[in-house]
Amino acid sequence: MAERTILRKDQLEISLHNEKQLIKEGTIKDDNPLDLSEPFRELCSACRRGDLKVCQEKITEGVNVNARDSYDYTPLILNAIHRCLYNALNDRIRNLLLEYDYSKSTDPLQPLAAHVASLLTRESPPTTDIIITVLDQDIALHKFILAARSPYFQSKLAAAPETKTWKLPSTIPPEAFAAAIRYLYLGEAPRELRSGPGTGFTESEVFTGIDKIAKQLQLESLVDSLLESGDRRRARQRRTTELSKGRDQLESWFRRNVLGNKLTVETSRLNEVKWDRNNSIFADVLLRADELPNEEDGGHDTSPESVLFPCHRAMLLRSEFFQAMFTSSFREAQVTDSLQVISVDCSPDVLEIILTFLYTERADFSLDVAVEVLFAADMLFIEKLKTKAAVVISTLGSGVSQAEAARTRGSKDEDDIDIYAIIRAAWMTRVQRLEEFAARFLAYRLEAHIDSPEFAELIRESADRIQARQETDSIELLDDIRFYLNERFRMRFDDAGLDELMDEQEPPTDEEKHIFAENVNDMTNQVEKMHVADKTSETQASNMKSQPSHAQVQEIRTLDGALVEDEFDEDAMNYQILLEKLDALLERLNLEA
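Residues numbered from 1 in each chain as written. Predicted model: local features only at pLDDT ≥ 70, side-chain atom pairs only at ≥ 80, totals over all residues. Heavy atoms only, no water.

Draft legend 1. Region of interest: the pattern of salt bridges. A complete count under the given rule lists 24 salt bridges for this structure. The shortest N-O distance in the salt bridge between Lys386 and Asp378 comes to 2.8 Å. Accessibility assignment for this pair places Lys386 and Asp378 in one class, buried. One salt bridge connects Glu487 with Arg440, and the closest N-O pair in it is separated by 3.0 Å. Pair noted here: Glu487 is in helix H23 (residues 476-495) and Arg440 is in helix H20 (residues 432-444), with a separation of 47 residues, a long-range link. On the basis of relative accessibility, which here comes to 18%, the residue Arg440 falls in the buried class. One continuous salt-bridge network, built from bridges that share partners, spans Arg247, Asp248, Glu251, Arg255 and Arg362. (Salt bridge = Lys/Arg side-chain N within 4 Å of Asp/Glu carboxyl O. Buried < 20%, exposed > 50% of the residue type's maximum accessible area, 1.4 Å probe, protein only. Helix = DSSP H or I, 4+ residues; strand = E, 2+ residues; numbered from the N terminus.)

Draft legend 2. Main features of the environment of Leu292. Relative to the elements of secondary structure, Leu292 occurs in the loop between strand S5 (285-290) and strand S6 (305-311). Residue Leu292 is classed as exposed on the basis of its relative accessible area of 63%. Residues Leu292 and Glu305 lie 13 residues apart in sequence; the distance between their C-alpha atoms is 8.3 Å.

Draft legend 3. Structural detail: unusual backbone geometry. Following Ser124, the chain continues into Pro125 via a peptide bond in cis, with omega recorded as -5°. Looking at the secondary structure, you find Pro125 in the loop between helix H6 (110-118) and strand S1 (130-134). One non-glycine residue, Arg430, lies in positive phi territory at about 60°. With respect to the helices, strands and loops of the structure, Arg430 is situated in the loop between helix H19 (419-429) and H20. Given a relative accessible area of 56%, Arg430 falls into the exposed group.

Draft legend 4. Region of the structure containing the side chain of Glu447. By the secondary structure assignment, Glu447 is in helix H21 (residues 446-449). For Glu447, a relative accessible area of 13% translates into the label buried. At a separation of 2.8 Å, a polar atom in the side chain of Glu447 contacts the side chain of Arg488. (Polar contact = N/O pair within 3.5 Å; in protein donor to acceptor, adjacent residues only side chain to side chain.)

Draft legend 5. Expanded view of the sheet that holds strand S3 (residues 165-167). If you trace the three strands from one edge of the open sheet to the other, you get S2-S1-S3, paired in mixed fashion. Looking at the sheet topology across the chains shown, the edges are occupied by strand S2 (137-141) and S3. On average, each strand axis in the sheet is inclined to that of its neighbour by 25°, with strand direction left out of account. Pairing analysis gives five bridges linking S1 to S2, with the strands arranged antiparallel. In the strand pairing of S2, Val134 is matched with Gln137. (Pairing = 2+ DSSP bridges. Axes fitted to C-alpha atoms, helices over the stretch in contact; angles between N-to-C directions.)

Here it is as structure tokens:
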């Protein structure tokens, strides 16, 4: 047993040495590359201290969550250490990293690849439009996938888009063509090539056939994918590369043909549109989105317009909504000579975002349409796009750091997003991430919202969401706001080393305020001494004159207008004032929480 253990250890060391050599030569990529950049350092630091907001920002910026720092730590390891040492139990950061495909075994393009590969065996609803015959086998395929992935088919089908059948030379083994089709449909390369019984082809002939079909269909990487399928590490990296290439090909074809052929027509003339099924982009359905009325027209009468997108049911099946529609007995599922027009309740811009995701797995959109994307994805049951919309809103719309909260304190006009619309959207679409984000956003700007009728109505709506609510039941939104309000002020007291004060929720004692004031005085005296010592430097002297002295310190007042000595006292008083305002609001609404 001991000898076997030593042997396994030696084999592991040899394997690791060979792997490092291959990485050094550039043959394979390092799954966890060393990253000494400042953005990655900031991500690691945020994971150590449990700062979810900074983690979201850095990941959105594109920081590699699989990289490692100079101590060989990855962000997920650092967060795990943070939990173990400080019992933080910060599952939100762990879930955030996992959402962004932290695991090395997870490829973000796998859902797209799995769907495309499944089309080879999917029987209902029927979506194929070409039959390829290999010996005595008929294989039903999709013209748009063949054209997008193979330059040969692209050229052949462009010249004769009405082609329904294609027969392969009898010299090509069925297994060879099956491997090529599996490659075209983003499937994994087979590890073994065996000729079926009775076909009369040896394994060598099958591989020769693969090389021949790869050249004919202009599939440059097919043979290399098969050769590297035996090495798991190289096969995994080869697959990552091939999936990225396949997605890019599908995206290029999608943008050139689907988006490039979208049609804008007057809504009143939609019945005049007849799109023949035998079309050059092989579309089998038209999706319709209506333009919203333009409020800037100044009252002039304009005919409403609709945008039609020629699409393929095979890709729309990624949405459970369309899958249920196309397998039903409704009109939209029927196959007719002219393509069916299906209306989608969203703007054309949002429908374009949805189609881009379904065809390419990409979801890049701005904050101003994120809520509409959220609703559309929820309606169409596209959970991954729904999550992406929530990430865009909660990341780009956060802006709730201490400095930003201080700048926007008391000013609701400076907020860039409609937080009330967002929280209602979160309730309607059942997205917990957005509910937490909205509560934190409001807590860090509570003084700008606490007295507004909209805020009071929001609290009442949150209370009414609990069916058969009892007087002793809590109000979820209010609980979350109180939690983040405590977090907001606790962070300021933690910086001063007085975090116990917030646990007791009492104003600072005279002794604590005296100590704080003495620290401020010492810093001011040091600044004045530096000014005297360096007055020979005109520039430095000018800078030092701008430093506040005792006489220049402005008055500091709390939210209720009371004059206080310092910002520490101001925060402690404001915290109590905001809590009292929340209690008063509940009394006005005749609620208890």
